[in-house]
Structures are given as structure tokens and as C-alpha cells.
Amino acid sequence: MIDIAGAVAVESIDEASRDQPEPAHAAAGVRGVAAHYGDPMREQRTLDTAVGLVDRSHRGIVAVPGEERIGWLHTLTTQHLAQLTPYQGTELLVLSPHGHVEQHAMVTEDGETTWLDTEPGATEGLLSYLEKMRFFSRVEPRDVTADHALLSLVGPAAPDAVATLGVTGLAEPDVVAVPGPKFRSGTLPPRPTALYDVRPLPAGGWARRGPLGVDLLVPRAAMEQVVAELRGAGVPVAGLWAYEAIRVAARRARVGVDTDHRTIPAEVDLIGPAVHLEKGCYRGQETVARVHNLGRPPRRLVLLHLDGVTTDQPPAAGTPVSLDGRTVGFVGTAVHHHELGQVALAVLKRNVPDDARLLIGETAAAIDPVPAG
């Protein structure tokens with residue numbers, strides 16, 4: 001955890017120290033990082049309007065060196081990686097044989113190693129799958145979480161902040177639009193559907209431009225130095241509460257928190273950034289293709305506004321959402337957003353109308369329609 005006065009670790013928060021309800025994600029494998037630094041709402045506003053440094057060193061890091069790594073990962077996952085070049089990043093999924101989401105990872109290639117950073121607590125499952133699929137491939141996947149840490153510069157000024165570390169010119173994310181159902185072959189180019197610009201860091205590791213800012217992978221031995229340089233340049237710190245609120249408002253699902261064992265990529269908007277619809281065979285591809293061609297995923301990810309939740313604990317991940325007395329979905333991450341108030345991501349049955357009067361326990365909830373465009 002970034003050791004700065006006022007830091008309150010997720011694992012040490014109690015009722016006396018809270019100035020807002022603890023988000024539902026706090027117990028979901030998120031330990032050893034700062035929840036906040038004394039003022040969660042101010043930290044949110046900073047991430048929303050400027051830039052702040054968030055300690056995300058609880059994420060798992062898998063390194064995959066070996067001369068066959070790119071082609072090998074291409075065959076195992078949902079993403080088109082065959083043309084991934086040094087200092088490019090993207091996202092991928094590992095699916096079950098029935099097409100359910102098992103793993104999500106952000107990907108970074110540096111020319112010698114492909115780096116996969118994944119959800120806290122998910123490293124063992126991802127590494128176990130990769131090890132089982134090695135066979136005779138010249139690859140050496142390994143867990144390097146103990147040696148490397150992920151930090152994130154979040155906010156519109158993140159590219160300016162990372163210049164403090166000698167990294168300039170990071171291009172904006174390039175995400176290919178998802179073709180409509182019954183698409184014709186050749187619609188998608190033979191490249192990852194999401195491309196994130198990556199540059200090496202002088203202290204070791206890399207900087208990757210992503211959807212919410214710039215992620216930094218640094219050796220843990222250099223973490224204190226990197227934090228000191230950014231803090232010395234005036235970059236404030238922000239806790240995980242603030243980061244999660246920004247993520248929820250951006251409607252980016254976390255696998256394992258905003259998903260369940262039945263979730264397929266189309267239900268939680270992961271087709272665009274993490275799935276290529278015209279690549280070779282991979283586990284679960286049949287389900288992806290069938291649902292996309294029919295255009296009818298059984299459920300959908302929505303943003304809910306919660307009515308009347310103030311100081312009470314927000315609903316935990318997995319809490320049922322009901323309509324007219326019947327369960328129609330479940331809550332994922334619930335947060336207190338500095339502008340939107342109490343909101344939550346939820347997965348609901350596809351036929352639930354946008355104007356439905358929903359209940360989460362005794363709490364009323366309303367769907368925030370997807371913004372036009």
C-alpha cells in the first residue's frame with residue numbers, strides 16, 4: 001500500500017472511521033491497498049476532472065515469456081493476438097467450454113514477455129489454466145505478483161501526469177466497433193479489437209494507456225521511487241473507493257464481482273474490448289458466435305440508481321434484484337458516486353424494461369438508460 005498519512009486500508013476500515021458506506025466490492029479480494037486517504041468524495045472528483053494516483057497493487061500479475069507466447073495465447077483466448085507487436089496492449093477473456101466468462105486480463109506485450117494483469121485472487125485460476133494448456137509450447141507462464149505492482153493514474157490529465165516519469169505521446173485507446181448481428185466475414189481487421197499504447201518506464205516496467213487513464217507496472221522495489229516522483233510533481237493520491245466509483249460510472253464490469261458463473265461476454269459489454277468475432281477456434285467460441293448472430297443475449301449490464309440509501313450499508317455483490325415479486329437479476333458493485341449518488345452495476349434479464357420499478361431488498365432502484373451514441 002502507498003504509505004501516506006491518512007491512508008485507510010480496506011482491511012482496517014471500521015464503522016468509526018467511515019465517512020461513507022463501505023462499497024460492496026471491499027470484501028471481494030481487495031486487501032492491502034488504500035480504500036481512501038481521508039476524503040473519498042474529493043478523491044473521486046479529482047479522478048473525474050483531473051488526475052490522481054491509485055494503488056492497485058493487489059491485482060495479480062502473470063508473466064508469459066517464451067518465443068511462442070503470442071501464437072499460444074492467441075489460440076487459448078478470445079482475443080486476436082497473432083499480430084500483437086511490442087509495446088501494444090489489449091484485453092482478453094478465458095471462457096468455459098459453454099462460453100461463460102472465467103477470467104479477464106489486461107494484456108501488455110514488451111517484445112520479450114507478455115504480461116497479464118488480472119483480478120485480485122484470480123491469478124491462481126488463470127495460471128492453472130495456462131499451465132494445463134502448455135503441452136510442448138515454448139512458453140513459461142509464472143506468477144510475478146510478489147515482484148511487480150500495478151499503479152494507475154486515473155483521470156483526463158493522466159497522460160500529462162505520466163510525462164513526469166519520462167513517458168510522453170501515449171495514444172488514446174483504439175477500440176474497434178462491434179459489428180452488428182449476422183455480420184459478413186471480413187468485417188473485423190486481423191488485430192486485437194482493443195489496442196492500448198504502451199511505453200517503457202525508465203525505472204523498469206511499462207506505462208499503458210487504457211480506458212480510465214494510464215496503468216503503470218513497476219518493480220515493487222521501485223514503487224516507492226515512482227510514487228515519490230509523481231507526488232513531487234503534484235499528483236495527488238486517491239483510494240480504491242474513488243477508483244471503483246469512476247469505474248462503475250463508466251459501466252466497466254469487474255469479472256467475479258459484476259458477473260456470475262453463467263455470465264457470457266455479450267451480457268456485460270466485453271465483446272468490444274476483449275473478444276474478436278472472426279478469429280480461429282477457442283474454448284467457448286460457439287456460444288459467443290451463436291449469441292452474437294442471434295443478437296439476443298439473455299441478460300444485460302445496467303447502471304442502477306438506488307433510492308434512499310444514505311448511511312446504511314449498500315447492497316452486497318450478488319444481492320437479488322426483483323420486479324413485481326420475482327427475481328430478475330443481481331447487483332454487482334454498489335458505490336456512492338460524487339455526482340450520481342448511490343449507484344450500482346447490475347445484471348438483469350434482457351426483457352426488463354428501462355422504466356421498470358425495481359427493488360433490491362427494501363430499496364427502490366431505477367435503470368439509468370444507456371446514453372445515446
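Further up the page is the structure itself.
These notes cover the structure that comes with them. (Residues numbered from 1 in each chain as written. Predicted model: local features only at pLDDT ≥ 70, side-chain atom pairs only at ≥ 80, totals over all residues. Heavy atoms only, no water.)

Our focus in this paragraph is the overall build of the protein. Secondary structure summary: the protein contains eight helices and 20 strands in total. Sequence separation of 24 or more characterises 71% of the internal contacts of the protein that already satisfy a separation of 6 or more. Per element, the accessible surface of the protein, about 15600 Å² overall, is 51% carbon and sulfur. (Helix = DSSP H or I, 4+ residues; strand = E, 2+ residues; numbered from the N terminus. Contact = heavy atoms within 4.5 Å. Areas by Shrake-Rupley, 256 points an atom, 1.4 Å probe, with all protein chains shown as cover.)

Attention now moves to the pairing of strand β16 (residues 320-323). Alignment of β16 against strand β17 (residues 326-337), held across four bridges, turns out to be antiparallel. When the bridges of β17 are listed, Val-321 appears paired with Gly-329. Between β16 and β17, which pair antiparallel in sequence order, lie two residues; one of them, Asp-324, sits at a positive phi of approximately 55°. (Pairing = 2+ DSSP bridges.)

With eight of its nine residues buried, strand β6 (residues 101-109) lies for the most part within the structure. A loop of five residues connects strand β5 (residues 88-95) with β6, the two strands running antiparallel in sequence, and Gly-99 in this loop sits at a positive phi of about 85°. Once β6 ends, the chain turns through three residues before running back antiparallel as strand β7 (residues 113-118), passing Gly-111 with a positive phi of about 100°. (Buried < 20%, exposed > 50% of the residue type's maximum accessible area, 1.4 Å probe, protein only.)

Attention now moves to unusual backbone geometry. Of note, the phi angle at Phe-135 is positive, near 50°, even though the residue is not glycine. Inspection of the secondary structure puts Phe-135 in the loop between α3 (123-132) and β8 (142-143). Although it is not a glycine, Asp-324 adopts a positive phi angle of roughly 55°. Structurally, Asp-324 is set in the loop between β16 and β17.

Okay, the nonpolar core next. A general feature of soluble globular proteins is that nonpolar side chains tend to end up buried together. Of all hydrophobic cores here, the largest spans 25 residues; its most connected members are Leu-153, Val-162 and Leu-216. Mapped onto this core, the elements with two or more residues apiece are β9 (148-154), α4 (158-162), β13 (213-219) and α5 (223-232). Broken down by element, this core gets its largest block of residues, four residues, from α5. Residues in contact with Leu-153, not counting those within four places in the same chain, are Val-51, Gly-52, Leu-53, Ala-158, Ala-161, Val-162, Leu-212, Gly-213, Val-214, Leu-216, Leu-230 and Val-235. Of all hydrophobic cores here, the second largest spans 24 residues; its members include Leu-93, Val-275, Phe-330 and Leu-345. (Core = buried A, V, L, I, M, F, W, Y, C linked by side-chain atoms within 4.5 Å.)

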